[in-house]
Every structure is written in structure tokens, then in C-alpha cells.
Amino acid sequence: MTNELKVFSGGSNPALAQEICDDIGIPLSRLATSRFSNDNLFVQIKESVREMDVFVIQSLTRPVSDHIMELMITLDALRSASARRITAVIPYYSYARSDKKDAPRISIAGRLIADLLKTAGADRVLTMDLHADSVHGFFSMPVDHLTAVPTICDHFANTLNLSRAVVVATDAGGAKRAGRFAKRLNTSMAIIDKRRISDSDVKQGLVVGNVKGLDAIIFDDEISTGGTLVTTVHTLEKAGVNKIYVGATHPVLCGDAVQNLDASSVTEIIVSNTVHIPEEKQFSKLKVLSMAPLFSQAIQRIHTGESVGALFK
Ligand code: R5P
């Protein structure tokens, strides 16, 4: 019986996987992925994992379906290769947004993907800032749910004068998340009433809480089309805020998000590297904080059976 730890990477964020391995001090383990002429994916594990503790890092980013399939096939290949325990490390679990039945005849796909991960061979999941805390319960296996909040808060605490700052939740759903942020920064908080009109369009109304003359720090779990943020910026401008900063864990940045955010009055946008940002989507207002140290510590603690929660105490 061996107690060796191995880390593999899918194709979605190899830079983060490499950084995590560098932090742990082990090489990234090898697998080969290719496609048959009929478009079927093929994954081969290139080294023995027999009786080992194996972690596979894959964010569910664009092309999401391909990355999910690659993860499933990799998990299955590792199980067939007699890995002792397999952890799916999913820094960004995109399907957490499909977390409720809010229209007739739809799938709660966040739960479906959780079931499929188990079927494919995952024994446990390690993830970060799920869209809703309740998504944790979709998994019928242990889940360690990390958060980027302390790292992003530390950045603002070290760079801003927080005595005139207010943390803003873009909608009621994000109030709890933003509340943790405000508590950590010891600031007041405001919540905006938001309605989603379509995938990229939102409408906002009432601002609950005092923001006038203050520096606003908007905190959200992800920036996807940027529609929520740009609308929030306009709402806050009308309400008379001073400067506007943004903290968000997952920089999905699709559609015109980059152009729209760059053109907005936001001073600085702090995100994490759970989602790989290609060079053409980087802009001067955007600052990326690495989550590799946090994932590396969590992986080592899972491996040695130590508390992961203790990382946040
Ligand atoms: C809201 O439901 C979420 O917390 C985010 O605000 C949302 O996912 C961001 O999406 P978008 O950037 O497309 O508005």
C-alpha cells in the first residue's frame, strides 16, 4: 500500500495546476488527451496511480461541456487504473448557477453534474465559492468548499482606507456572501434589489443601506457577462458613491464583459485565478490573485487527514 499523492490537470487551467504542484513541491503528473476523428475524447494516464491518493484539477470553463467530459473520462481512467482515492478539484463549478427549478420543465443541472462526477469515479470534491452554499448538498460525497473571500479582503485591507467604505451586494441572493466580506473588513453594507431579465441583462432598483459619499466595494461570486456589475456601477453612481472597487472570485468574463468593465467608472477589479484569463482579456483595472497556495494547502490537508476548515480560522 502506498500513500503517494499525485496531481493531474485537465485542459481548462493547467497554469493553476502547475502553480499548485510547485507550491506542494511535486511534479504535475502526466496524462495525454487527444480526439478521435469522430470527435470522441481519449484520455490516457501516463504513470501508475495504483493505490495512490489522486487529485484532478479542472475548472468548468468554456468549452464547458468538453471540460466536463474530459474530467469524467479522466476520473474513470484513474479509477480503472486502481487509484485508492480520487478527488475532483473544481476551482470553478459553473453549473452551480443551475441550482433551482425556477422555470417549468427544466433540469437542476448542478445536481446532475454532481451525480455524474460520482458515477465517473470521484470520491470527493474540492471547490471554491459555489454560487449558492446549498449547492454543496447536491454532492453525495464529501465536499471541501474553499473561499477566496479572505484573500480578496486582505488585498483591500492592505490597499484602501476602509473608514469611508461600504461593501455592496449586487442582489439579495449575494447578501450573505457580501455580508461575510463586510464583516471581515469591518465595514457597513448595502444590498441592491436586482431582477434578471435575461442571461446578460439585469435591472436594479432600490439600494438598501447608505452609500452616498462612500467608497463602494462590490463583492460577487463571479463576473460572467459583466451585466450585473455594469448595472450595479450605474446604480451606485446615481446613488452618489465616491470610488467603486470590485472583488469577485471567478473571472468568467464572457461576451463584452472586458470592454464594458474597462469603459466603466470602476477603479479596480480584484479576481482570482480559478478561471484562466487569456492575455487578450487582461486589462489594467483587473488584478488577479492566485488561489494556488490555498488549494495546495487544502490538498495536502486532505491527503494527511487534517482539518481543511482550520485554514480559515
Ligand atoms: C448573480 O446571480 C451572481 O451572483 C452574479 O452576479 C452573476 O453570476 C454575474 O453574471 P453576469 O456577469 O452575467 O451578470
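Residues numbered from 1 in each chain as written. Predicted model: local features only at pLDDT ≥ 70, side-chain atom pairs only at ≥ 80, totals over all residues. Heavy atoms only, no water.

Mapped onto the secondary structure, S48 falls in the loop between β3 (41-45) and β4 (53-57). Sequence separation of S48 and H250 is 202 residues, and the distance between their C-alpha atoms is 33 Å. Of the polar contacts made by the side chain of S48, one reaches the backbone nitrogen of R50; its length is 3.4 Å. (Helix = DSSP H or I, 4+ residues; strand = E, 2+ residues; numbered from the N terminus. Polar contact = N/O pair within 3.5 Å; in protein donor to acceptor, adjacent residues only side chain to side chain.)

Here the focus is the side chain of Q204. For Q204, the position within the fold is in strand β10 (residues 202-208). Only 3.2 Å separates the side chain of Q204 from the backbone oxygen of T170, close enough to count as a polar contact. Here T232 takes part through its side chain, which lies 2.9 Å from a polar atom of the side chain of Q204. The residues contacting Q204, other than those within four sequence positions of it, are T170, I192, D193, K194, T228, T231, T232 and T235. (Contact = heavy atoms within 4.5 Å.)

Let's shift gears to helix α6 (residues 227-238). Its twelve residues place the ends of α6 17 Å apart at the C-alpha level, agreeing with the 16 Å of an ideal helix rising 1.5 Å per residue. In terms of burial, α6 is largely enclosed, as nine of its twelve residues are buried. On its buried face, α6 is in contact with β8 (165-169), β9 (188-196), β10, β11 (215-223), β12 (244-251) and α7 (257-263). (Expected span 1.5 Å × (residues − 1). Buried < 20%, exposed > 50% of the residue type's maximum accessible area, 1.4 Å probe, protein only.)

That bond from R62 to P63 is cis: its omega, -5°, falls within 30 degrees of zero. A positive phi angle, close to 60°, is found at N186, a residue other than glycine. Position of N186 relative to the elements: it lies in the loop between α5 (175-185) and β9. On the basis of relative accessibility, which here comes to 69%, the residue N186 falls in the exposed class.

Each pair of packed helices gets described by two things: the angle between the helix axes and the distance between those axes. Put simply, helix α2 (residues 64-80) and helix α3 (residues 109-120) touch, their axes get as near as 8 Å, and they point 30° apart. Taken together, the axes of α2 and α3 lie roughly parallel to each other. For the pair formed by α2 and α3, the contact residues are I68, L71, M72, L75, D76 and R79 on the first element and I113, L116, L117, K118, T119 and A120 on the second. (Axes fitted to C-alpha atoms, helices over the stretch in contact; angles between N-to-C directions. Parallel < 35°, antiparallel > 145°, perpendicular 65-115°, else oblique.)

Parsing the protein chain into structural domains produces domain 1 (2-146 + 292-312) and domain 2 (149-289). Each partner contributes to the interface: domain 1 provides 18 residues, whereas domain 2 provides 17 residues. Taken over both partners, the interface formed by domain 1 and domain 2 buries close to 1400 Å², and the fraction arising from carbon and sulfur atoms is 43%. Three residues, Y92, R97 and D129, lead the burial of domain 1 against domain 2; their summed loss comes to 41% of the area buried on that side. Joining domain 1 to domain 2, the criterion identifies two salt bridges. The shortest N-O distance in the salt bridge between R97 and E222 comes to 2.8 Å. Where domain 1 meets domain 2, there are eleven residue pairs in polar contact (both at pLDDT 80 or more). Elements supplying a minimum of two residues to the side of domain 1 that touches domain 2: α1 (14-24) and α8 (292-304). (Domains from an automatic or database assignment. Buried area = accessible area lost by both parts, 1.4 Å probe. Salt bridge = Lys/Arg side-chain N within 4 Å of Asp/Glu carboxyl O.)

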